[in-house]
Amino acid sequence: VDEVGGVTDSVFDVLAGPSAGRIQPVDSDRRRMVDRMNPRLVNLLTALGFGLPVIGYLYLLGRYSVNILVGDQWSDVPVIQQSYAHFFDWGSLWAAHNENRIFFPNIIVVLLAHTVHYNIQVEEYLSAAMLAAATALLIWAHKRRAPSIPWIYYCPIAILTFSIVQWQNTLWGFQMAWYLVMLSLAFAIVLLDRATLNWITFVAAVVAGVVGSFSSLQGLLIWPAGLILIYHRRRAWRFAIAWVFAGTAAVVVYFYH
């Protein structure tokens, strides 16, 4: 616990640094300890820190996943049925599921139905791929601004994101929507946190926010998260105003009817 807390403290020290350009991390006893360790040992521990969580996650998925519809996943059946009458049936794709707009997950469901006969295990492995991509993007977003931080310091992120305590999401294909939200958030962060933000990159970040917003209710949290990052990086006010406008429009469209 002490070691993980030290890593967390180091991360917050980094985030509290300069708002632009590359971050110069604060030195610490633990950082010097890593520097004094055998490089081969550090590389081995880093590989284990990243590899074991991923292997454990994939083992859980391969060992216990089954190609069976469960719970809310039965609501995908009418969407698939409508897709065979009208491949892009707007009504079924846009319809709210409880409090969630799952427009983009519905599109993925239709594509899976027409390619792999809606194999639930394929959907679950797709979720795992989204989780891996989101984890890599989040780490890259920080490493890009703090290149001197050893890779081993990022292992707790992989240990957290690939934790098997989320087994209910891992083994439930319907939760693919949540993994899509995480991937959208990661893309938005990577794009907004570039050293230089231009309008092309900004629009791409907005697109990521829209995909996350219409994947599940919690996807709307991408907008305040992005606004905090825009403020923290001292971006031009025109980007902040445009981001607020886009987020507000997404919320209005989300809750309309």
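This text follows the structure it describes.
Just so it is clear, the structure is predicted and the values come from calculations on it, not from any experiment.

Parameters at a glance
- Residues numbered from 1 in each chain as written.
- Predicted model: local features only at pLDDT ≥ 70, side-chain atom pairs only at ≥ 80, totals over all residues.
- Heavy atoms only, no water.
- Helix = DSSP H or I, 4+ residues; strand = E, 2+ residues; numbered from the N terminus.
- Buried < 20%, exposed > 50% of the residue type's maximum accessible area, 1.4 Å probe, protein only.
- Contact = heavy atoms within 4.5 Å.
- Areas by Shrake-Rupley, 256 points an atom, 1.4 Å probe, with all protein chains shown as cover.
- Phe/Tyr/Trp six-rings, centres within 6.5 Å; stacked < 30°, edge-to-face > 60°.
- Core = buried A, V, L, I, M, F, W, Y, C linked by side-chain atoms within 4.5 Å.
- Salt bridge = Lys/Arg side-chain N within 4 Å of Asp/Glu carboxyl O.
- Arc of directions from axis to C-beta.
- Polar contact = N/O pair within 3.5 Å; in protein donor to acceptor, adjacent residues only side chain to side chain.
- Patch = residues over 30% accessible without salt bridge, like charges linked within 9 Å, V, L, I, M, F, W, Y side chains within 5 Å.
- Expected span 1.5 Å × (residues − 1).
- Axes fitted to C-alpha atoms, helices over the stretch in contact; angles between N-to-C directions.
- Left-handed = near helix turned anticlockwise from the far one by under 90°.
- Nonpolar A, V, L, I, M, F, W, Y, C, P; charged D, E, K, R; others polar.

1. Quick word on the overall build of the chain
Step number 1: Assigned secondary structure in the chain consists of 13 helices and 0 strands.
Step number 2: Sequence-ordered secondary structure for the chain, helices as α and strands as β, is α-α-α-α-α-α-α-α-α-α-α-α-α.
Step number 3: Residues classed as buried in the chain amount to 44% of the 257 residues present.
Step number 4: Nonlocal contacts in the chain, meaning residues at least 24 apart in sequence, comprise 75% of its contacts between residues at least 6 apart.
Step number 5: Carbon and sulfur atoms provide 70% of the accessible area of the chain, an area that totals close to 14000 Å².

2. Notes on the packing of aromatic side chains
Step number 1: Throughout the structure, instances matching the rule amount to 17 aromatic pairs.
Step number 2: Between Trp90 and Phe103, the aromatic rings sit 5.2 Å apart at their centres with planes inclined by 55°, giving tilted as the arrangement. Note that Trp90 is positioned in helix α5 (residues 90-94) and Phe103 in helix α6 (residues 103-116), a separation of 13 residues in sequence.
Step number 3: For Phe103, a relative accessible area of 9% gives the class buried.
Step number 4: An aromatic cluster of three or more residues is present, and its members are Phe88, Trp90, Trp94, Phe103, Phe104, Phe214, Tyr254 and Phe255.

3. Regarding the nonpolar core
Step number 1: In terms of nonpolar packing, the biggest core is built from 25 residues, with Leu192, Phe202, Val206, Phe214, Trp223, Ile230 and Trp243 touching the most fellow members.
Step number 2: Looking at this core, the elements with two or more residues in it are α5, α6, α10 (176-192), α11 (199-213), α12 (222-232) and α13 (237-255).
Step number 3: When residues of this core are assigned to their parent elements, the largest contribution, 6 residues, is made by α13.
Step number 4: In this structure, Ile108, Leu112, Tyr118 and Leu131 belong to the second largest nonpolar core, which totals 24 residues.

4. Digging into the pattern of salt bridges
Step number 1: A full pass over the atoms with the stated rule returns 2 salt bridges.
Step number 2: Measuring nitrogen to oxygen at the nearest pair gives 3.1 Å for the salt bridge that ties Arg145 to Asp193. Within this pair, whereas Arg145 is found in the loop between α7 (120-143) and α8 (155-161), its partner Asp193 is found in the loop between α10 and α11, the two being separated by 48 residues in sequence.
Step number 3: Look at Asp193 and you get buried, because its relative accessible area is 4%.
Step number 4: For Asp193, the salt bridge is made with Arg233, and the minimal N-O distance between the two is 2.5 Å.

5. Comments concerning helix α4 (residues 76-85)
Step number 1: Buried within α4 are the following residues: Asp76, Val79, Ile80 and Ser83. Axial view of α4: buried residues confined to an arc of 95°, hence all on one face. The exposed set on the far side of α4, more than 90 degrees from its buried face, consists of Gln81, Tyr84 and Ala85.
Step number 2: Considering only its buried residues, α4 is in contact with α5 and α6.

6. As for the environment of Val54
Step number 1: For Val54, the location among the structural elements is in helix α3 (residues 39-64).
Step number 2: By relative accessible area, Val54 is classed as partly exposed at 29%.
Step number 3: Spatially, the C-alpha atoms of Val54 and Ser163 are 8.7 Å apart, while their sequence positions differ by 109 residues.

7. Some thoughts on the side chain of Ser65
Step number 1: Structurally, the position occupied by Ser65 is in the loop between α3 and α4.
Step number 2: A distance of 2.7 Å separates the side chain of Ser65 from the backbone oxygen of Leu61, its partner in a polar contact.

8. Here's the deal with a nonpolar patch on the surface
Step number 1: On the surface, Leu41, Leu44, Leu45, Leu48, Leu52 and Ile55 cluster together into a nonpolar patch covering about 540 Å² of accessible area.
Step number 2: By the secondary structure assignment, Leu48 is in helix α3.

9. Topic: α7
Step number 1: Here α7 spans 35 Å end to end across 24 residues, near enough to the 34 Å set by a 1.5 Å rise per residue.
Step number 2: Of the residues that open α7, the one with a side-chain oxygen 2.9 Å from the backbone nitrogen of Gln121 is Asn119.

10. Side note on the environment of Phe214
Step number 1: If you trace the backbone, Phe214 turns up in the loop between α11 and α12.
Step number 2: In this view, Phe214 contacts Trp94, Arg101, Ile102, Phe103, Phe104, Pro105, Ala250, Val253 and Tyr254; residues no more than four positions away in its chain are not counted.

11. Looking at the packing of α4 against α6
Step number 1: Relative to each other, α4 and α6 sit at 65°, their axes nearing to 10 Å. Crossing of α4 over α6 shows right-handed handedness. Along the contact surface, α4 presents Asp76, Val79, Ile80, Ser83 and Tyr84, while α6 presents Asn106, Val109, Val110, Ala113 and His114.
Step number 2: Across the contact of α4 with α6, the residue classes break down as 6 nonpolar, 3 polar and 1 charged.

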